[in-house]
Amino acid sequence: MAEQTDGRLSEEELADLRRLMTDLLATCTEIRERYTTEGSWLPSADGVIAERDEARKVIADIARALSQTRRGLRRVEGRARQRRLDQGVVVLPRP
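The present account deals with the structure reproduced in this document.

## Comments concerning the overall build of the protein
- Check the secondary structure of the protein and you find two helices and two strands.
- Counting from the amino terminus, the protein carries its helices and strands in the arrangement α-β-β-α.
- For the protein, the share of sequence-separated contacts (at least 6 apart) that also reach a separation of at least 24 residues comes to 61%.
- Looking at the protein as shown, the accessible area adds up to about 7200 Å², and 56% of this sits on carbon and sulfur atoms.

## Focus on the packing of helix 1 (residues 11-35) against helix 2 (residues 48-86)
- In the contact formed by helix 1 and helix 2, the axes pass within 10 Å of each other and the chain directions differ by 175 degrees. By the criterion of interaxial angle, the relationship of helix 1 to helix 2 is roughly antiparallel.
- The residue inventory of the contact of helix 1 with helix 2, partitioned by class, reads 13 nonpolar, three polar and eight charged.

## Overview of the nonpolar core
- Counting residues in hydrophobic clusters, the biggest one holds five residues: Leu9, Leu14, Leu20, Val76 and Ala80.
- The set of elements that each furnish at least two residues to this core consists of helix 1 and helix 2.
- In this structure Val76 touches Leu9, Glu13, Asp16, Leu17 and Leu20, once residues within four positions along its chain are discounted.

## Structural notes on helix 1
- Along its 25 residues, helix 1 runs 36 Å from first to last C-alpha, staying within 8% of the 36 Å computed at 1.5 Å per residue.
- For helix 1, the complete set of buried residues consists of Glu13, Leu14, Asp16, Leu20, Leu24, Ile31 and Tyr35.
- Summarising the contacts, the buried residues of helix 1 are in contact with strand 1 (36-37), strand 2 (40-41) and helix 2.

## Some details on the side chain of Glu54
- Tracing the sequence through the fold places Glu54 in helix 2.
- Of the side chains bearing the opposite charge, Lys57 lies closest to the buried Glu54, which forms no salt bridge; the N-O distance is 9.4 Å.
- Looking at Glu54, its side chain comes within polar contact range of the main-chain nitrogen of Ser44, at 3.0 Å.

## Brief notes about helix 2
- With 39 residues, helix 2 ought to run about 57 Å at 1.5 Å a step, and its terminal C-alpha atoms sit 56 Å apart, in line with that.
- Of the residues making up helix 2, those classed as buried are Glu54, Val58, Asp61, Ala65, Thr69, Gly72, Val76, Ala80, Arg83 and Arg84.
- In the core, the buried residues of helix 2 are packed alongside helix 1 and strand 2.
- Taken from the residues just after helix 2, Gly88 is the one with a positive phi, measuring 80 degrees.

So, how was this worked out
- Residues numbered from 1 in each chain as written.
- Predicted model: local features only at pLDDT ≥ 70, side-chain atom pairs only at ≥ 80, totals over all residues.
- Heavy atoms only, no water.
- Helix = DSSP H or I, 4+ residues; strand = E, 2+ residues; numbered from the N terminus.
- Contact = heavy atoms within 4.5 Å.
- Areas by Shrake-Rupley, 256 points an atom, 1.4 Å probe, with all protein chains shown as cover.
- Axes fitted to C-alpha atoms, helices over the stretch in contact; angles between N-to-C directions.
- Parallel < 35°, antiparallel > 145°, perpendicular 65-115°, else oblique.
- Nonpolar A, V, L, I, M, F, W, Y, C, P; charged D, E, K, R; others polar.
- Core = buried A, V, L, I, M, F, W, Y, C linked by side-chain atoms within 4.5 Å.
- Buried < 20%, exposed > 50% of the residue type's maximum accessible area, 1.4 Å probe, protein only.
- Expected span 1.5 Å × (residues − 1).
- Lys, Arg positive; Asp, Glu negative; His and termini not counted.
- Salt bridge = Lys/Arg side-chain N within 4 Å of Asp/Glu carboxyl O.
- Polar contact = N/O pair within 3.5 Å; in protein donor to acceptor, adjacent residues only side chain to side chain.

These results come straight from atomic positions and should not be treated as a statement about function.
Below is the structure:
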């Protein structure tokens, strides 16, 4: 296991963190491509109510991607914390 800047993450955990962030950015790119035309969001629905519903769908898609990433990051941190506890290493939280 290589030491990272603060010694908290193993190479595997760091790779998981990077994968999670790469996946999040890919999902955001996919969402942007799905809902934009030439870089601008133009709703496909007609009418104010339908447009608001479509806007809510875009926001829900982004929120879901963020939630999945946050859960994954918590799992990575949890594994790192457990590994440190198993090794008898106690890292105090940053102030």
